[in-house]
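This is what each chain is made of:
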Amino acid sequence: MEKEALEKTSVTLLGLGAMGGALARAWLTAGHRLTVWNRTPARTASVVAEGGRAADSAAEAVAANTLVVVCLLDDASVGEALADADLTGRDLVNLTTSTPAQARARAEWARERGARYLDGGIMAVPPMIGVPGSGGYVFYSGSGELFERYRETLAVPAGTTYVGEDPGFAALHDVALLSAMYGMFAGAAHAFALIRKEDIDPTAFAPLLADWLVAMAPAVHQTADQLRSGDYTKGVVSNLAMQVAGTPTFLDTAEQQGVSPELLTPYFALMRRRLTEGSGDEDLTGVIDLLRR
Ligand code: NDP
């Protein structure tokens, strides 16, 4: 075990919140030497009990290993935590959720301090970390060289998907997927609201809803093809004119069920706007162009 630990990359991890704690356990279980720091020191106790080492300060933790992984609340906390640390020669992997602009600025900030930088966007919740086959993964962007060097170590807590040298791309992919998720949750909320006052068991309705969302999800491939070709009429099955004509049915049904249409109306308004521009034979893809500012 001791020999195995020596062969594996030693990791410094800053932040032992719900996510950081899960990352720590995954690396320890896989036999990596781990040095941790957390603003509230009491949180390091369980990591130490499992064989990790707790540093007294972030600077001390950073000094312990070349690979420094950061998983703190937000971008501001990263700046605060690392304010007094010497990052010269360090390989900084920042798994803290941020915006693309914050990630790019943080990469530049790291470069000015002599560190190499890889940004990460975690597509998982803590129980998925360190569980092979859980489906959880992390988007990485920034130094491709760094990603290759630590590929194996980074793959211990979750799958890895590298999306490019631009340090903002991991955050952008992360936020884009989560934004789509909120759209899906919004649609599901409206659907449940429609059936709520009826004698329909939500637990019988849920599998129908889930199956339908899964069946519809591959439509994004056609959207992507149309965006790439610029031809939004390519392969259209249900054109915009027909879909806009159907919207009163949705709004009237909401009215009849005593449900606010507020989650649907913004999207319907965009569909109608696109239709008035003369795009009735297109798919819904043109809405994307209306959203761009
Ligand atoms: P928690 O709220 O559980 O933990 C936050 C961590 O940040 C704690 O270690 C906390 O320290 C530390 N912290 C907060 N402010 C500061 C500061 N000013 N200086 C130093 N340390 C600070 O969050 P999570 O662990 O869940 O999340 C960590 C990151 O992972 C976030 O960016 C989050 O968006 C991302 N993430 C989380 C997911 C989840 O489901 N939990 C899913 C995907 C991404 P202290 O213990 O002292 O409070």
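A short tour of the structure in this document, coming up.

Before going further, it helps to spend a moment on the overall build of the protein chain. The helix and strand inventory of the protein chain stands at 14 helices and eight strands. Dimensions of the protein chain along its principal axes, counting C-alpha atoms only, are 65 × 45 × 30 Å. Going through the 293 residues of the protein chain one by one, you find that 40% of them count as buried. Surface summary for the protein chain: the accessible area is close to 15,900 Å², and the carbon and sulfur share equals 58%.

On to the site of the ligand, then. Near the ligand there are 22 residues, and of these Met 19, Asn 38, Thr 40, Arg 43 and Thr 97 occur at the shortest range. One nitrogen or oxygen atom from the side chain of Asn 38 is found 2.6 Å from an oxygen atom belonging to the ligand. A distance of 3.0 Å separates an oxygen atom of the ligand from a polar backbone atom of Leu 72. Counting only elements with at least two residues in the shell around the ligand, the list comes to helix H2 (18–29) and helix H5 (75–81). Top element by residues in the shell around the ligand is H2. It accounts for three residues. Residue composition of the shell around the ligand, grouped by class: 11 nonpolar, eight polar and three charged.

Under the definition given, this model contains six aromatic pairs. Their ring planes at 85 degrees and their centres at 5.0 Å tell us that Tyr 137 and Phe 139 sit as a pair that is edge-to-face. An angle of 70 degrees between the planes, with centres 5.6 Å apart, marks the rings of Phe 192 and Phe 205 as edge-to-face. Of the two residues, Phe 192 sits in helix H9 (residues 169–195) while Phe 205 sits in helix H10 (residues 202–216), which places them 13 residues apart along the sequence. Clustering of aromatic rings is evident, with ring pairs tying together Tyr 140, Phe 147 and Tyr 162.

Another aspect to go through is the nonpolar core. Taken as a class, soluble globular proteins show a tendency for nonpolar side chains to be buried jointly. Membership of the largest hydrophobic core comes to 29 residues, with the highest contact counts inside it found for Leu 13 and Leu 95. Elements represented by at least two residues in this core include exactly strand S1 (11–14), H2, strand S2 (34–37), strand S4 (67–70), strand S6 (116–123), strand S7 (137–142) and helix H7 (144–149). Counting residues per element, this core draws most heavily on H2, at seven residues. Aside from chain neighbours lying at most four places away, what touches Leu 95 is Leu 23, Val 69, Val 70, Cys 71, Gly 120, Ile 122, Val 138 and Tyr 140. If you look at the next biggest cluster of nonpolar residues, it comprises 20 residues, including Val 62, Leu 82, Ala 85 and Leu 87.

Here is the key point about a regular strand: its side chains alternate between the two faces of the sheet. By the alternation rule, side chains of S1 split into Val 11 and Leu 13 and Thr 12 and Leu 14, which are all buried. Examined bridge by bridge, S1 and S2 share four bridges and lie parallel to one another. Residue Val 11 lies in a different strand from S2, and its bridge partner there is Leu 34. As for the winding sense of the linkage, the β-α-β connection from S1 through H2 to S2 is right-handed. Sheet topology places S1 next to S4; four bridges connect them, and they run parallel. Among the inter-strand pairings, Leu 13 is bridged to a residue of S4, identified as Val 69.

Turning to the sheet that holds S4, a few remarks are in order. Hydrogen bonding along the main chain pairs the strands of a sheet, whether they run parallel or antiparallel. The sheet built from eight strands is open, its strands ordered S3-S2-S1-S4-S5-S6-S7-S8 with mixed pairing. Because the sheet does not close on itself, it has two edges, and the strands there are strand S3 (53–54) and strand S8 (159–162). Across the face of the sheet, H2 comes into contact with S1, S2, S4 and S6 while running at roughly 165 degrees to S1. This element, H9, spans S6 and S7 of the sheet and lies at about 10 degrees to S6.

Reading the values: rules and limits
Residues numbered from 1 in each chain as written. Predicted model: local features only at pLDDT ≥ 70, side-chain atom pairs only at ≥ 80, totals over all residues. Heavy atoms only, no water. Helix = DSSP H or I, 4+ residues; strand = E, 2+ residues; numbered from the N terminus. Buried < 20%, exposed > 50% of the residue type's maximum accessible area, 1.4 Å probe, protein only. Areas by Shrake-Rupley, 256 points an atom, 1.4 Å probe, with all protein chains shown as cover. Near = heavy atom within 4 Å. Polar contact = N/O pair within 3.5 Å; in protein donor to acceptor, adjacent residues only side chain to side chain. Nonpolar A, V, L, I, M, F, W, Y, C, P; charged D, E, K, R; others polar. Phe/Tyr/Trp six-rings, centres within 6.5 Å; stacked < 30°, edge-to-face > 60°. Core = buried A, V, L, I, M, F, W, Y, C linked by side-chain atoms within 4.5 Å. Contact = heavy atoms within 4.5 Å. Pairing = 2+ DSSP bridges. Right-handed = clockwise from strand over helix to strand, strands pointing away. Axes fitted to C-alpha atoms, helices over the stretch in contact; angles between N-to-C directions.

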